[in-house]
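Residue-level listing of the chains:
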Amino acid sequence: MIGLSTKLDRVVSLGAHCDDIAIGAGGTLLAICEARPGIRVDAFVLSGGGTDRETEEREALRAFCPGADLDVTVHKLPDGRLPAHWDEAKEALEELRGRTDPDLVLAPRTDDAHQDHRGLAQLVPTAYRDHLVLGYEIVKWDGDLGRPNAYQALSAELAEKKVRLLQQHYPSQRHRPWYDREAFLGLARIRGIECHARYAEAFQVTKLNLDLEG
């Protein structure tokens with residue numbers, strides 16, 4: 001195995017839309033929370049507040065973070081309009097930063113083709129400047145999947161559980177042609193091949209500080 005492990009006490013998970021976190025890093029959250037009962041997870045979503053999607057998100061994240069000390073914040077920015085609401089998004093993220101100091105940040109990739117995902121990713125280092133940030137990927141029509149450089153291996157049981165929870169907790173998304181078991185497990189299988197595992201979630205790391213003396 002090529003890798004580094006770290007002690008995790010607090011995780012911040014960021015999404016532009018309800019279901020982004022679960023699609024991009026749901027398996028990783030399951031692995032973290034099942035291994036560390038009581039870990040603090042702060043989830044932050046920019047859009048969907050006050051709608052049925054917020055209800056879906058809260059129920060889903062409780063399932064994806066079993067046993068965690070979970071706090072979920074869902075804002076009301078309009079879907080697909082983040083560039084026009086840049087200041088509001090930045091202020092919301094800065095408010096989150098003021099009350100969180102995580103060991104790990106899960107967020108969208110900086111080169112994601114969706115403007116909302118990409119915009120949030122670009123804001124992350126302005127708030128979390130000295131934190132490990134893993135940029136997750138979301139399969140979509142745009143065909144923007146790239147070459148990740150960090151992986152979290154998933155057992156077959158965890159991969160299947162992730163897909164089951166996605167189907168169970170986000171009924172509003174089932175009509176989408178890509179939102180199915182084959183797509184999610186297929187990508188996880190490919191990423192697993194890349195890291196010598198059965199399944200995996202893949203991430204992009206833009207900056208990593210090493211402490212090899214300690």
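Here, every reference points to the structure presented above.
Predicted model only: the values in this text are computed from it and were never measured.

Draft legend 1. Expanded view of the packing of helix α1 (residues 20-35) against helix α2 (residues 52-64). Where α1 contacts α2, the two axes come as close as 8 Å, and the packing angle between them is 35°. Note on element contacts: α2 touches α1 through E57, L61, A63 and F64, opposite I21, A22, G26, L29, L30 and C33. Looking at the contact of α1 with α2 residue by residue, the classes come out as eight nonpolar, one polar and one charged.

Draft legend 2. Inspection of unusual backbone geometry at higher detail. Non-glycine residue D19 carries a positive phi angle of around 100°. By secondary structure assignment, the location of D19 is in the loop between β1 (10-15) and α1. Phi at H196 is positive, roughly 60°, even though this residue is not glycine.

Draft legend 3. Summary view of α2. Taking 1.5 Å as the rise per residue, α2 with 13 residues should run 18 Å; its terminal C-alpha atoms sit 18 Å apart, in good agreement. Three or more residues of α2 are buried, namely R53, E54, E56, E57, A60, L61 and F64. Along the long axis of α2, the arc covered by the buried residues comes to 155°, so they all point the same way. Exposed and facing more than 90 degrees away from the buried side of α2 are D52 and R62. On the buried face of α2, the contacting elements are α1, β2 (40-47), β3 (69-77) and α5 (156-169).

Draft legend 4. Region of interest: helix α4 (residues 115-127). The end-to-end C-alpha separation of α4 is 19 Å, in line with the 18 Å expected for 13 residues at 1.5 Å each. Residues D116, H117, G119, L120, A121, L123, V124 and A127 constitute the buried set of α4. Buried residues belonging to α4 abut β1, α1, β2, α3 (86-98), β4 (104-108) and β5 (133-136).

Draft legend 5. Layout of the packing of α1 against α5. Closest axis-to-axis distance for the α1/α5 pair is 10 Å, and the angle between their directions is 125°. Taken together, α1 and α5 sit at an angle that is classed as oblique. Between α1 and α5 lies a crossing whose hand is right-handed. Of the residues in α5, those touching α1 at A22, I23, G26, G27, L30, A31 and E34 are L158, K161, K162, L165 and L166. Taken together, the residues of the contact of α1 with α5 sort by class into seven nonpolar, two polar and three charged.

Draft legend 6. Main features of the pattern of salt bridges. Counted by the stated rule, this structure contains 18 salt bridges. Among the salt bridges present, the one from E160 reaches R181, with a minimum N-O distance of 2.6 Å. Of this pair, E160 sits in helix α5 while R181 sits in helix α6 (residues 181-194), placing them 21 residues apart in sequence. When salt bridges with common partners are traced through the structure, they connect R10, R40, D42 and D69 into a single cluster.

Draft legend 7. Highlighting the pairing of β1. With five of six residues buried, β1 is to be regarded as a mostly interior element. One ladder, built from six bridges, connects β1 with β2; its direction is parallel. Across the sheet, the residue bridging to V12 is D42, located in β2. Handedness of the β-α-β unit built from β1, α1 and β2 comes out right-handed. Here β1 runs beside β4; their pairing, made up of three bridges, is parallel. The residue of β4 that forms the bridge with S13 is L106.

Draft legend 8. Region of the structure containing the nonpolar core. One finds I39, L106 and L166 to be the most contacted residues of the largest nonpolar core, which totals 44 residues. Tallying contributions element by element places α1 first for this core, with eight residues. In this view, I39 contacts L8, D9, R10, V11, I32, C33, A68 and D69; residues no more than four positions away in its chain are not counted. If you look at the next biggest cluster of nonpolar residues, it comprises 18 residues, including A16, L93, V105 and L120.

Criteria and thresholds
Residue numbers restart at each chain and count upward from 1, following the sequence in its written direction. Side-chain atom pairs in this predicted model are given and counted only at pLDDT of 80 or more, local residue features only at pLDDT of at least 70, and totals for whole chains, interfaces and linings cover all residues. Side-chain calculation: all heavy atoms of the structure are included, whereas hydrogens and water are not. For helices, the axis comes from a line fit to the C-alpha atoms of the stretch in contact; other axes are also lines fit to C-alpha atoms, and the angle between any two N-to-C directions lies between 0 and 180 degrees. Where helices and strands are cited, they refer to DSSP runs of H or I of at least four residues and of E of at least two residues respectively, numbered from the N terminus. By definition in these notes, contact holds between two residues if any of their heavy atoms fall within 4.5 Å. Any residue outside Ala, Val, Leu, Ile, Met, Phe, Trp, Tyr, Cys, Pro, Asp, Glu, Lys and Arg is labelled polar, Gly included; the first ten of those are nonpolar and the last four are charged. The span you would expect from a helix comes to 1.5 Å times its residue count less one. Any residue under 20% of the maximum accessible area for its type is buried, any over 50% is exposed, and the rest in between are partly exposed; the area is computed with a 1.4 Å probe on protein chains only. Here the arc refers to the set of directions running from the helix axis out to each C-beta atom. Geometric relationships in this document are graded by angle, where less than 35 degrees denotes roughly parallel, more than 145 denotes roughly antiparallel, 65 to 115 denotes roughly perpendicular, and other angles denote oblique. Note on convention: the crossing is left-handed when the near helix lies turned anticlockwise from the far helix by less than a right angle, right-handed when the turn is clockwise. For salt bridges, the criterion is a side-chain nitrogen of Lys or Arg within 4 Å of an Asp or Glu carboxyl oxygen. In short, DSSP must find at least two bridges between two strands for them to pair. Orient the strands so they point away from the viewer, and a crossover whose first-strand-to-second-strand path over the helix runs clockwise is right-handed. Here the nonpolar core consists of buried residues drawn from Ala, Val, Leu, Ile, Met, Phe, Trp, Tyr and Cys, with membership extended through side-chain atoms lying within 4.5 Å.

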